[in-house]
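# Observations on chain architecture
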Amino acid sequence: MGANTSPSEKPRGLIRIIKATGYSWAGLKAAYHHEAAIRQEVVLLATALAVLLWLQLPLTDSLIMFSVIVLVIIVELLNSAIEAVVDRVGEERHELSGRAKDIGSAAVFVSLLLAGVIWITTLWNHFGAPLIQ
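Residues numbered from 1 in each chain as written. Predicted model: local features only at pLDDT ≥ 70, side-chain atom pairs only at ≥ 80, totals over all residues. Heavy atoms only, no water.

This part covers the overall build of the protein chain. Per the secondary structure count, the protein chain includes 4 helices and 0 strands. Structurally, the protein chain occupies a C-alpha span of about 65 × 45 × 25 Å along its principal axes. Taken across its 133 residues, the protein chain has 20% of its residues classed as buried. The contacts in the protein chain between residues at least 6 apart in sequence include a share of 65% that link residues at least 24 apart. For the protein chain, the accessible area works out to roughly 9,800 Å², and carbon and sulfur atoms hold 67% of it. Here the protein chain contributes 10 positively and 11 negatively charged side chains, and the mean placements of these two sets differ by 11 Å. (Helix = DSSP H or I, 4+ residues; strand = E, 2+ residues; numbered from the N terminus. Buried < 20%, exposed > 50% of the residue type's maximum accessible area, 1.4 Å probe, protein only. Contact = heavy atoms within 4.5 Å. Areas by Shrake-Rupley, 256 points an atom, 1.4 Å probe, with all protein chains shown as cover. Lys, Arg positive; Asp, Glu negative; His and termini not counted. Charge placed at Lys NZ, Arg CZ, Asp CG, Glu CD.)

Now for the UniProt feature "transmembrane region" (unreviewed entry) in the protein chain. UniProt records the feature "transmembrane region" (unreviewed entry) for residues 42-57, 63-82 and 103-124 in the present numbering. A distance of 22 Å separates the end C-alpha atoms of residues 42-57, which is 88% helix and 0% strand. (UniProt positions renumbered as here; feature names shortened; annotations may be inferred.)

What follows deals with unusual backbone geometry. A positive phi is found at Gln-56, a non-glycine position, where the angle reads about 55°. The topology assignment puts Gln-56 in the loop between helix 2 (36-55) and helix 3 (59-89).

In total, this model carries 2 salt bridges according to the counting rule given. For Asp-87, the salt bridge is made with Lys-101, and the minimal N-O distance between the two is 2.6 Å. In this pair, Asp-87 sits in helix 3 while Lys-101 sits in helix 4 (residues 95-127), placing the two residues 14 residues apart along the sequence. Its relative accessible area of 26% is what places Lys-101 among the partly exposed residues. In this structure, the salt-bridge partner of Arg-99 is Glu-95, at a minimum N-O distance of 2.8 Å. (Salt bridge = Lys/Arg side-chain N within 4 Å of Asp/Glu carboxyl O.)

As structure tokens, then:
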């Protein structure tokens, strides 16, 4: 949609959903092609799925464990978007640009910590001494 498109000309209904899906798919492809971290996390997701299928844990536990890996990818996508915008604005070093990138990186780190805690706790409860009774 161009800059001259009036609000009344915006796509609606099913057309809007189809266009939005196309934009989302393009974003996923761009992230996969341009961001090594996304590719690594997709490998992590595939590995996690294989491990979960092999372990045959209760469905709820498997869904939670799988979901936290998906959460890591979601946070990484947002971090990559922040980095792309900051880089687009300018290549010169600026305190706010660095802060934005660091905070995005911290969000990814926190999501990875969360995933690790959930995976370790769940596996420990199933295969070690139960932590929660």
